[in-house]
Amino acid sequence: MEAFKQMLTQTDDEYLIGLSNKGTVKRAYKDLDQESPAVTWGETEAEVTLKEAVCTIRMPLGESTCTCPSRSVCRHLITAILYLKSSQADTEVLENTKAEEEILSFPLQKLRRACGNKRYQELLYHLKAGEQPQFQEGTVITVKVPWEAFTVKLLSPLEYSSCSCKSKELCPHKAQAILLYQLHKHAVTLEHLEKLCESKEEWDHKELDRASASIQEEIRLQLMTGLSRLSPEAAEGMERLAVISRGAGLAAFETSLRKTASEYRLYFDRAASFQTEELLEQLLSIYQRAGELKETREPERLRTLAGSFREAYRPMPRLHLIAMGSRSFHSKTGYEGEIYYFMEPDKGMFYQWTDARPVFYEGVRRRPPGRAEQAQAPWGLNCSREQMMDLEFYLDHAKAARDGRLSVSQETKSEVSGARDFRREDIRKAVFWDYEQLLSACFGEQEQKDEGERLALAGALSCREAGFDTVHQRFSMELLDKKGRKLSVAVTYSKEEKLTIQVLERLNERLKKEKDQTLIFFGIPYLEQGRLCLYPVEVFGRERFYETQAELEKYLEEQGGPSLAVPGLNREIIKGMESFLGEIRQALGDLFQCGLNSTQEETLENLSRLAKESGTFGLHGAEEALAFLAETLGKKRHQMEFDPEPVLKAWIHLLSYVKLCREKTSLDRALLEMEKADNGKEKRQ
């Protein structure tokens, strides 16, 4: 009984408010003046009879019960507790150590799981940045976390704690509050929390093995059968595997499989854009990753292979953004929508926000076309998306993925600083007026990257007359830098690109009439058949960046930069290498067409020939793999049983090898085009 009475003396109004709410406690004080309760004391409880109800007060107080219909901590219970407190001779409020002891001893692993990986990472980020929550200690420990705008009140026992999100469970906010209090009381250290972050989640290996086995089995069957003998059901097979992958938590596989399903549909629809070699590369890549998924048990590698359905967004410091442009997209992975691009001028970095909608499920309601521009802008910007693209603004508490994709979060707040202004030195520095420097920045060996889009601002001192190729359904325009080097702006016709092409055609007509052709293009650079190209997202006139042409010319005289020129490049050797690599790629595509079960003699002879010729080009990796394929597939026709796995491994290795070589030769050829332009200018001078 003494322990019970001591607990009552430690209970104050703040604790009672935490059990119920402020209004209930106020009402209980008023009711107490009208009550003459009768009390029966027990060892661990007290029965309090009021006018309207009978209350049984137990330890902990949250376990107390009342005969009234209320299922929560009602006013009768609070009234009874207040009466028991006042009836004690010693009402001194003692220091409440029970809640603190319970908080400090709460298991860290359980707290980390409750936080979730994303919130736990964000918590560490804010702590490393020196941000701190606010603590108010008493019988109730109040934790206010400013970067997520939530308040938690920790009571003993902890299951009676409350959170401003109204959750009754151990929500991520409560878990973070407990962790922060443990850190505040030095029960743990930041280093300890960082090490805890390194412990990885558990994987259901049986489910992963089943999914990877299904993926490999289906792809192996397709490769054995051959593309020419497959039915249109092959696309449905890929969609089925995508659903299996989603159920197993394999986001990266779901995306890749939906892309292959789209490629199969292009093939069976006889679309001109279909390429056998691209589909083969996708299938073999998925097959290889599925095999690795089945064999590895290392958590970090599993996470990389599986991918994420929701990209991990990291908290960012205050972002200063200038709108650069937007475009619509329709991906082969089953999504469509709009992408909005921004630049942070202080660091010269690009960010983007994507509004994507799935279109691979039947019955999905799709947004009517042409409405995106008038839709509400994100981050609390009080304008339409069309108006947003003319602004310069700041984002506080923003979150971004590693590739620059921005998240739309309620915590992110915006502050508009005015209309966008490109006449600033930090933005001017980001414009490439030398296309050799553009090539170096985007495709130099140190700049190779697999994630996200390459983005660039490219200045054009003049533009050659453009046109639309009706055969290839493609609009193209050549831009020239100060040394006469070329950058090709090209857009292939589609319903999404119709408006882009119309804008470029109108621009071309205007350029025919105007002498001043200085433009700045914002877009996505890429290499195509040895040419440096740019997909245009937005185009600006010179006056948006420089007030006069003379100001621009003065700036160009002062501008310099590193060169990517590589001595010893031979045009004929590069062209020969490029042609030979194309032959190997086509031969592997022919092998996919006929399938491993019915390889043609002509295909085997071609593989043997290419193996011998690979040595003369120094492609020894290709030489060995081609020879192995020709020999193994030649012996297959004399065998009762055939294990395709060694052949598939050689096939995978060979395609990866050829892909890397083609990327290198494409870069070398683009360099030669740059040198050719330089040499031509020197001769003219």
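Computed from a predicted model, the values in this text were never measured in an experiment.

Would you mind showing me how to read the overall build of the protein chain here?
When helices and strands are tallied, the protein chain shows 23 helices and 23 strands. For the protein chain, the share of sequence-separated contacts (at least 6 apart) that also reach a separation of at least 24 residues comes to 65%. Accessible surface computed for the protein chain: about 35300 Å², of which carbon and sulfur atoms make up 47%.

How do you make sense of unusual backbone geometry when you look at a structure like this?
Only a minority of non-glycine residues have a phi that is not negative, and only a minority of peptide bonds are not trans. A cis amide bond links M59 with the next residue in sequence, P60, at an omega value of 0°. Notably, K166 is not glycine yet its phi reads approximately 75°, a positive angle. With respect to the helices and strands, K166 occurs in the loop between β8 (162–163) and α8 (172–184). Residue class for K166 comes out exposed when judged on its relative accessible area of 68%.

Would you take a moment to explain the nonpolar core for this structure?
The tendency in soluble globular proteins is for nonpolar side chains to be buried side by side. Counting residues in each nonpolar core, the largest one holds 61 residues, and the members touching the most others are L223, Y264, F592 and W651. Setting aside residues no more than four positions away along its own chain, Y264 makes contact with Q222, L227, L230, A234, A235, M238, L279, L283 and F592. Membership of the second largest hydrophobic core comes to 54 residues, among which are F432, A458, I501 and I524.

Would you mind showing me how to read the sheet that holds strand β7 (residues 150–154) here?
Note: strands within a sheet are paired through backbone hydrogen bonds, in either parallel or antiparallel orientation. Taken in spatial order, the four strands line up as β5-β6-β7-β8 in an open sheet, and their pairing is antiparallel. Edge positions in the sheet fall to β5 (134–136) and β8, since each has one partner strand and no second. By the bridge criterion, three bridges tie β5 to strand β6 (residues 141–145) in an arrangement that is antiparallel. Bridging across to β6, Q136 finds its partner in T142. Along the sheet, α8 makes contact with β5, β6, β7 and β8, crossing β7 at roughly 70°.

Help me out: how do you make sense of the sheet that holds strand β4 (residues 65–66) in this one?
With respect to topology, four strands assemble into an open sheet ordered β1-β2-β3-β4, the strand pairing being antiparallel. Each of the sheet's edge strands pairs with one partner strand only, and the pair in question is β1 (38–41) and β4. Two strands pair when backbone bridges link them, and strand β3 (residues 54–58) and β4 are joined in this way by two bridges, in the antiparallel orientation. Paired with T56 across the strands is T65, a residue of β4. Sheet contacts for helix α4 (residues 75–87): β1, β2 (45–49), β3 and β4; angle to β3, the most-contacted strand, approximately 65°.

Which parts of the structure should I look at to understand the packing of helix α7 (residues 117–128) against α8?
When two helices pack together, their arrangement is given by the angle between their axes and by how far apart the axes lie. With their axes 11 Å apart at the nearest point, α7 and α8 run at an angle of 35° to one another. Viewed along their axes, α7 and α8 form a crossing whose handedness is right-handed. In this structure, α7 contributes R119, Y120, L123 and L127 to the contact, and α8 contributes P172, H173, Q176, L179, L180 and L183. Split by residue class, the contact of α7 with α8 holds seven nonpolar, two polar and one charged.

What is the right way to look at the packing of aromatic side chains in this model?
By convention here, two paired aromatic rings are described through the distance between centres and the angle between planes. Tallying each qualifying case throughout the model produces 16 aromatic pairs. With centroids separated by 6.2 Å and ring planes inclined at 35°, the aromatic side chains of W379 and F393 adopt a geometry described as tilted. Within this pair, whereas W379 is found in the loop between β12 (349–358) and α15 (385–388), its partner F393 is found in strand β13 (residues 391–396), the two being separated by 14 residues in sequence. Of the two residues, W379 and F393, neither departs from the other in class, the shared state being buried. With 5.5 Å between their ring centres and 45° between their planes, Y546 and Y555 make a pair best called tilted. For the pair formed by Y546 and Y555, the shared burial category is buried. Its guanidinium or amino end placed over the ring of F253, R289 lies 5.0 Å from that ring's centre, counting from NZ or CZ.

For this particular structure, what's the right way to read the pattern of salt bridges?
Once the charged atoms of two side chains with opposite charge are near each other, the side chains can pair. Enumeration according to the criterion identifies 33 salt bridges in this entry. Between D390 and R420 there is a salt bridge, with its nearest N and O atoms 3.7 Å apart. With D390 in the loop between α15 and β13 and R420 in the loop between β15 (413–419) and α16 (425–428), this pair connects stretches of sequence that are 30 residues apart. Where salt bridges share partners, they join E239, R246, E254, R258 and R265 into one cluster.

What exactly am I supposed to notice about the state of the cysteines here?
Should the sulfur atoms of two cysteines be covalently bonded, the bond is a disulfide. Scanning the model with the defined rule gives zero disulfides in all. Of all cysteine sulfurs, the one in C68 lies closest to C74, which takes part in no disulfide; the gap is 3.7 Å.

Whenever I open this one, helix α14 (residues 299–306) confuses me. Can you help?
Note: α-helices contain 3.6 residues per turn, so residues at a spacing of three or four share the same orientation. Those residues of α14 lying buried are L302, L305 and A306. All buried residues of α14 fall inside an arc of 95° around its axis, so they share one side. Contacts from the buried residues of α14 go to α10 (205–225), α12 (251–268) and α13 (276–295). At the N-terminal end of α14, a side-chain oxygen is found 2.7 Å from the backbone nitrogen of R301, two or three residues along, and the residue is E298. In the stretch just after α14, G307 is the one whose phi turns positive, near 75°.

When you look at the environment of S167 in this model, what are you seeing that I'm missing?
Note on placement: S167 falls in the loop between β8 and α8. Here the side chain of S167 touches E169 through a polar contact of 3.2 Å, landing on its backbone nitrogen.

Basis of the calculations
- Residues numbered from 1 in each chain as written.
- Predicted model: local features only at pLDDT ≥ 70, side-chain atom pairs only at ≥ 80, totals over all residues.
- Heavy atoms only, no water.
- Helix = DSSP H or I, 4+ residues; strand = E, 2+ residues; numbered from the N terminus.
- Contact = heavy atoms within 4.5 Å.
- Areas by Shrake-Rupley, 256 points an atom, 1.4 Å probe, with all protein chains shown as cover.
- Buried < 20%, exposed > 50% of the residue type's maximum accessible area, 1.4 Å probe, protein only.
- Core = buried A, V, L, I, M, F, W, Y, C linked by side-chain atoms within 4.5 Å.
- Pairing = 2+ DSSP bridges.
- Axes fitted to C-alpha atoms, helices over the stretch in contact; angles between N-to-C directions.
- Left-handed = near helix turned anticlockwise from the far one by under 90°.
- Nonpolar A, V, L, I, M, F, W, Y, C, P; charged D, E, K, R; others polar.
- Phe/Tyr/Trp six-rings, centres within 6.5 Å; stacked < 30°, edge-to-face > 60°.
- Lys NZ or Arg CZ within 6 Å of the ring centre and 35° of its normal.
- Salt bridge = Lys/Arg side-chain N within 4 Å of Asp/Glu carboxyl O.
- Disulfide = S-S within 2.5 Å.
- Arc of directions from axis to C-beta.
- Polar contact = N/O pair within 3.5 Å; in protein donor to acceptor, adjacent residues only side chain to side chain.

Structural measurements only, silent on function.
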